[in-house]
Amino acid sequence: MLRQLKMGWTLVLKMIKFNVASINCCTETEGPNKRLTIWFQGCTIRCKGCCNPDYQPLKPRNILSLEDLIKIIKVSQLNYNIEGVTYSGGEPTLQQNLPLLTAAIHKLGLGVISFTGKKYEDVSDILAGCDVVLDGKYIDSKRENKRKILGSINQRIIVLSDRYPNCEDWFFNNESKTVEINVSDYIFANGDAVL
Ligand code: SF4
């Protein structure tokens, strides 16, 4: 019976898929502490002035299984001592199996912060288990200039667990707005917008 259960879970790990636009294995600009960040592919919200228009089309990009993602996260934990994972996009809540990924990340002892362009109340099921949610669409005419990585002033920081008790301090620490540039096969920039 135990063996059957184990085989069942192994199959689930391989069968559950996510549509991923890109991954940064260790960044210090997508939330408190060192984090792995996953940008999911696909968003139907289409905010004017979206910072990631390439991640809007609803098309397969990099289809990774739950097992693949857990392996990548474990390697980042080992190599970079990451404290958590951030979901960005694209719209993370379009990934129907997100709660399983969140649960697997927590099992590794890591925290989870997620962006969503929707209202948290409308997607609380799919964001179940997240420690912090940054919600709301980007409104170009209401640009944020006080808080890090949030695009517009309507977006909320919703703290859902006691894992990041002082996380608002990180977002309001405006003195250290940061952009990271990674150069490998291609050039990849993330962090705060340079205005
Ligand atoms: S919700 Fe985010 S990814 Fe989607 S269009 Fe708006 S800014 Fe872009």
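Further up the page is the structure itself.
Structure report, in brief.

About the thresholds
Residues numbered from 1 in each chain as written. Predicted model: local features only at pLDDT ≥ 70, side-chain atom pairs only at ≥ 80, totals over all residues. Heavy atoms only, no water. 1 Å grid on protein atoms, 1.4 Å probe; cavity = no way out; pocket = protein on both sides within 12 Å on 5 of 7 lines; lining within 4 Å. Points joined across faces, edges and corners; volume = space filled by probe spheres on them. Helix = DSSP H or I, 4+ residues; strand = E, 2+ residues; numbered from the N terminus. Nonpolar A, V, L, I, M, F, W, Y, C, P; charged D, E, K, R; others polar. Near = heavy atom within 4 Å. Core = buried A, V, L, I, M, F, W, Y, C linked by side-chain atoms within 4.5 Å. Buried < 20%, exposed > 50% of the residue type's maximum accessible area, 1.4 Å probe, protein only. Contact = heavy atoms within 4.5 Å. Pairing = 2+ DSSP bridges. Axes fitted to C-alpha atoms, helices over the stretch in contact; angles between N-to-C directions.

The next subject is the layout of surface pockets. Empty space within the second largest pocket amounts to approximately 210 Å³. Looking at the second largest pocket, the residues that line it are Trp9, Leu13, Ile70, Lys74, Leu100, Ala103, Ala104, Lys107 and Leu108. If you list the elements that add at least two residues to the lining of the second largest pocket, you get α1 (2-15), α2 (66-80) and α3 (98-107). Tallying contributions element by element places α3 first for the lining of the second largest pocket, with four residues. Among the residues making up the lining of the second largest pocket, the classes are represented as seven nonpolar, no polar and two charged.

A few words now on the site of the ligand. Around the ligand, a shell composed of Cys43, Ile45, Arg46, Cys47, Cys50, Gln56, Gly90, Gly117 and Tyr138 is seen. Its residues assigned to classes, the shell around the ligand comprises five nonpolar, three polar and one charged.

Turning next to the nonpolar core. Formed by 28 residues in total, the largest nonpolar core has its most connected members in Phe18, Ile38, Tyr87 and Leu101. Contacts of isoleucine 38, omitting those with residues within four sequence positions, involve Val20, Ser22, Ile23, Leu69, Val85, Thr86, Tyr87, Ser88 and Leu101. By size, the runner-up hydrophobic cluster in this structure holds 11 residues, among which are Val132, Leu134, Tyr164 and Phe171.

Turning to the sheet that holds strand β1 (residues 17-27), a few remarks are in order. The strands making up a sheet associate through hydrogen bonds between their backbones, and the pairing can be parallel or antiparallel. The strand order across the open sheet formed by seven strands is β3-β1-β2-β4-β5-β6-β7, and the pairing between neighbours is mixed. Only two strands of the sheet have a single neighbouring strand rather than two, namely β3 (62-65) and β7 (156-159). Taken pair by pair, the neighbouring strands of this sheet meet at an average axis angle of 30 degrees, ignoring direction. Bridge analysis of β1 against strand β2 (residues 35-40) gives five bridges, and the strand direction is antiparallel. Within β2, the position partnered with serine 22 by the bridge is tryptophan 39. In the packing of α2 onto the sheet, the strands contacted are β1, β2, β3 and β4 (84-88), and the crossing angle to β1 comes to about 5 degrees.

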